[in-house]
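Structural overview
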Amino acid sequence: MLPLRAPALAAMAALTLALALALAPASRPALAQDAPPPAHRCRFVMVPMRDGVRLNTSVCEPAAPRGALPFLLTRTPYGIAGDTTVRNDYRFLAADGYIFVSQDIRGRYGSEGEFRMTRPLHDPASEPRGVDESTDAYDTVEWLLRNVPNNSGRVGVLGVSYPGFLATMAGLNPHPAVRAVSPQAPMTDVWMGDDFFHQGAFRLSYGFEYAGDMELSRDGSAPLPIGAWDTYDWYLRLGALGGVDSAYFRGRVPTWRAFVEHPAYDAYWRARAVQRRLTAPAVPTLTVGGWWDQEDRFGPLATYAALERGDSAARRSALVMGPWNHGGWRRPDRRMPVVDPGTSEEYLRDVEAPWFAHWLKDRPGQGAAREAYLYDAGAKRWRSFDAWPPARGGGGGGGARRSLYLRAGGRLSFDPPAAGDSAFDQYVSDPAHPVPYRARPIERTYDSRGSRWRTWETEDQRFVHGRPDVLSWVSEPLASDLFVAGD
């Protein structure tokens, strides 16, 4: 939702949406913003799965006795070797008291087995002894209940990005002890809108670098062959994608082969599209995302929409969309330059911690009703709705579905062209001079020397204006404020 102030222009590079948190100050845990989490004792164990594969797992319990506590589980492909203390962004959860568990998924870092990118659900009919991320989460929970003392028999699951996908999978065919899951920036459908493709448009640099980092080695230590600081020319010289594997990856990156062999939205990608498997929340689900998420903005909205289809009576699905980039609500170093950094603190303290406490500790309050909380970037405040998209306008009054039309001569208008109007705009695209998506130099996605990848969606895009292969449309100045909400 975006209030456009007159005489602002209706054509914007991105429309941001919004919603509001309305928790009374009394509901906030009495914990200072910079207070570290309480002390925990952490140990590493190898947890066996049903097929005999063992997964490297960290179990962190409060150092001071707290009685029987629920588990909070995070599963990840990014390594848990450093999980010897509770993360600072979990400090509000830690103040409430949980047993924190993190785990390397199969084939990654300290875990055994074979890694498969966004491993799909197996078919029990054809693979009765098959495994997937859902069964691995189930088996992990079963082991924890039996082998970690002083637990309450309840489990919550959360994670961001790939771990967000894994949190969603834990909510599919969940263990009975799983009482709440929170997929955050979940990697939900990597062809339709997350990560690798955007409605079929392949994101070359991100796909090449992420797939290589994940699959050339178990721990991301294998170097990529990119030697240039400005990758624009390097990728331009890469040539046809069909020759990349033989030149660089040599059969060691299965996901790259999938890019080449499955350019369409075929059975391969549909099997990995998690929202297609969601019909109703099997357990209460808090889905979280950011309006400027450069990787997985599609995932949270698609996950919430899929769960809403079957959540009419249970009212156990909630959505938060904030003024953040990918995972920015958990990482102070990823704060966006265009918003108040306090929004992350508000979410962690006033939404996430009370929500898990409601479902895992029977604490009255946040989490009892289905709601959507979205940040209004135009008004710089949170707003609250019963569902998203809203049935009525978000600006306080009624709303109506309207269409914007691209008119000839670079005009954007709510008025449709006249019948029979055959006017058009055109451009000529030159593959030898592709349009960059950020100003050069275009650093590697996760370059350790610094990269603008995480914030490029808030950068001024006018550096491409005036190119012969770029068109833009602009409205007349608005006569009054305009509030835009929805898709």
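Everything that follows concerns the structure shown earlier in this document.
Residues numbered from 1 in each chain as written. Predicted model: local features only at pLDDT ≥ 70, side-chain atom pairs only at ≥ 80, totals over all residues. Heavy atoms only, no water.

Considering the sheet that holds strand β5 (residues 99-104)
Spelled out, the test is: Two strands pair under a simple rule: DSSP has to find at least two bridges between them. For helices the rule is a DSSP run of H or I covering at least 4 residues; for strands it is a run of E covering at least 2, with both sets numbered from the N terminus onward. Each axis is a line fitted through C-alpha atoms, and for a helix only the stretch in contact is used; angles between axes span 0 to 180 degrees, taken between their N-to-C directions. Residue contacts follow a heavy-atom distance rule, with two residues in contact if any of their heavy atoms lie within 4.5 Å.
Here 10 strands make up an open sheet; going across it, the order is β2-β3-β5-β4-β6-β7-β10-β11-β12-β13 and the pairing mixed. The sheet is open, and its two edges are formed by β2 (40-48) and β13 (381-385), each paired on a single side. For this sheet, the mean angle separating the axes of adjacent strands, direction not counted, is 20°. Here strand β10 (residues 285-290) runs beside strand β11 (residues 317-322); their pairing, made up of 6 bridges, is parallel. Its bridge partner being in β11, V288 is matched across the sheet by V320. Sitting on the sheet, helix α2 (residues 133-147) is in contact with β2, β3 (54-62), β4 (69-76), β5, β6 (151-160) and β7 (178-184), with an inclination near 145° to β4. Set on the sheet, helix α9 (residues 298-308) makes contact with β10, β11 and β12 (372-376); between it and β11 the angle comes to about 160°.

Observations regarding the layout of surface pockets
In plain terms, the rule: Residues are called lining when one of their atoms sits within 4 Å of a cavity or pocket point, these points coming from a 1 Å grid over the protein atoms alone, where a cavity is a set in which a 1.4 Å probe fits but cannot get out and a pocket is an open set with protein on both sides within 12 Å along at least five of seven lines. Grid points are joined across faces, edges and corners, and a volume is the space filled by probe spheres set on the points. Asp, Glu, Lys and Arg are counted as charged, while Ala, Val, Leu, Ile, Met, Phe, Trp, Tyr, Cys and Pro are counted as nonpolar; the rest, among them Gly, fall into the polar class.
The space that makes up the second largest pocket amounts to roughly 1000 Å³. The wall of the second largest pocket is formed by 42 residues, among which T76, Y78, R87, P163 and R331 lie closest to the centre. Within the residue set of the lining of the second largest pocket, elements represented by two or more residues are β3, β4, β5, β6 and α4 (204-215). Tallied by class, residues from the lining of the second largest pocket come to 17 nonpolar, 12 polar and 13 charged.

Remarks on the pattern of salt bridges
Filter applied, for reference: Counted as salt bridges are all cases of a side-chain nitrogen of Lys or Arg within 4 Å of a carboxyl oxygen of Asp or Glu. Residue burial is assigned from relative accessible area. The probe radius is 1.4 Å, only protein chains are included, and a residue is buried under 20% of its type maximum, exposed over 50%, and partly exposed in between.
Applying the stated criterion across every chain yields a total of 25 salt bridges. Put simply, E352 and R330 hold a salt bridge, and the shortest N to O gap is 2.7 Å. Placement of E352 in helix α10 (residues 342-361) and of R330 in the loop between β11 and α10 is noted, with a sequence separation of 22 residues between them. Considered together, E352 and R330 belong to a single accessibility category, that of buried residues. As a salt-bridge pair, D447 and R449 come within 2.8 Å of each other at their nearest N and O atoms. The exposure class assigned to R449 is exposed, which follows from its relative accessible area of 58%. Connected via shared salt-bridge partners are D51, R75, R106, E133 and D136.

Some words on the pairing of β6
Heads up, the rule is: Look down the strands so they point away from you; if the path from the first strand over the helix to the second goes clockwise, the crossover is right-handed.
With 8 of 10 residues buried, β6 is to be regarded as a mostly interior element. Examined bridge by bridge, β4 and β6 share 4 bridges and lie parallel to one another. Bridge pairing in β6 links F71 to V155. With 6 bridges joining them, β6 and β7 adopt parallel strand pairing. Following the sheet pairing, V160 is matched in β7 by Q184. Once the chain exits β6 it traverses helix α3 (residues 162-170) before rejoining the sheet at β7, and the crossover so formed is right-handed.

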